[in-house]
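# A look at the structure
Below, each chain spelled out in residue letters.
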Amino acid sequence: MGRVVDREMTMMESVRADLAARIAAIDVKAPYSAARDLKPDIDQIRLIAHRNGLNPAVTVAHFVDSALSRGEHGALVHGWLSVLGDAVACERQDVRACDTFAAACSVRLAG
C-alpha cells in the first residue's frame, strides 16, 4: 500500500513539475506573442491538470483563457501565469480551493 501512495505522489510531483515548466515557457514567450498564440498552450495545461485532478489549476486555466480571449497579452499575462502556477502547486483540490482561486481571478479579470 505504501508503495502505491509513494508512486502516486511521485507521479503528481512529476505532473506539477511539467506544468510549472510549461507555465515558465509561456511566460518567456508571452511578451513577444499574440494572445491567440498562447491559447493552445493554456489549453494543454488545462487538459493535463484536468486529467490529473488538479482542480484549482483547471479553474484558473479557464480564467486565463478568458483573459487571452479579451486580448490581454505581454506583461499582463505574467500575473495570470503566476496565479496559474500557484494553482498548480496548491495541495487542496476541493471546491473551496477552486472557489478561492476563482474569486481571485474574477477580481483580476474585472480590474
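See above for the structure.
Scope of this entry: the structure provided in the associated data block. Everything numeric here is computed off the predicted structure, so don't read it as measured data.

## Examining the overall build of the chain
- A count of helical and extended segments in the chain gives five helices and zero strands.
- Written out in order from the N terminus, the α and β elements of the chain read α-α-α-α-α.
- In terms of overall dimensions, the chain has C-alpha extents of about 50 × 25 × 15 Å along its principal axes.
- A buried classification covers 40% of the 111 residues belonging to the chain.
- Looking at the chain alone, contacts between residues at least 24 apart form 69% of all its contacts between residues at least 6 apart.

## Here's the deal with the packing of aromatic side chains
- Counting across every chain of the model gives zero aromatic pairs.
- The lysine or arginine in question, R108, covers the ring of W80, its NZ or CZ lying 5.4 Å from the ring centre.

## A short note on the pattern of salt bridges
- Applying the stated criterion to the full structure yields six salt bridges.
- Between D65 and K39 there is a salt bridge, with its nearest N and O atoms 2.8 Å apart. Taken together, the positions of D65 in helix α3 (residues 55-69) and K39 in helix α2 (residues 35-51) put the pair 26 residues apart, joining distant regions of the chain.
- Between D43 and R46 there is a salt bridge, and its shortest N-O distance comes to 2.4 Å.

Thresholds applied
- Residues numbered from 1 in each chain as written.
- Predicted model: local features only at pLDDT ≥ 70, side-chain atom pairs only at ≥ 80, totals over all residues.
- Heavy atoms only, no water.
- Helix = DSSP H or I, 4+ residues; strand = E, 2+ residues; numbered from the N terminus.
- Buried < 20%, exposed > 50% of the residue type's maximum accessible area, 1.4 Å probe, protein only.
- Contact = heavy atoms within 4.5 Å.
- Phe/Tyr/Trp six-rings, centres within 6.5 Å; stacked < 30°, edge-to-face > 60°.
- Lys NZ or Arg CZ within 6 Å of the ring centre and 35° of its normal.
- Salt bridge = Lys/Arg side-chain N within 4 Å of Asp/Glu carboxyl O.

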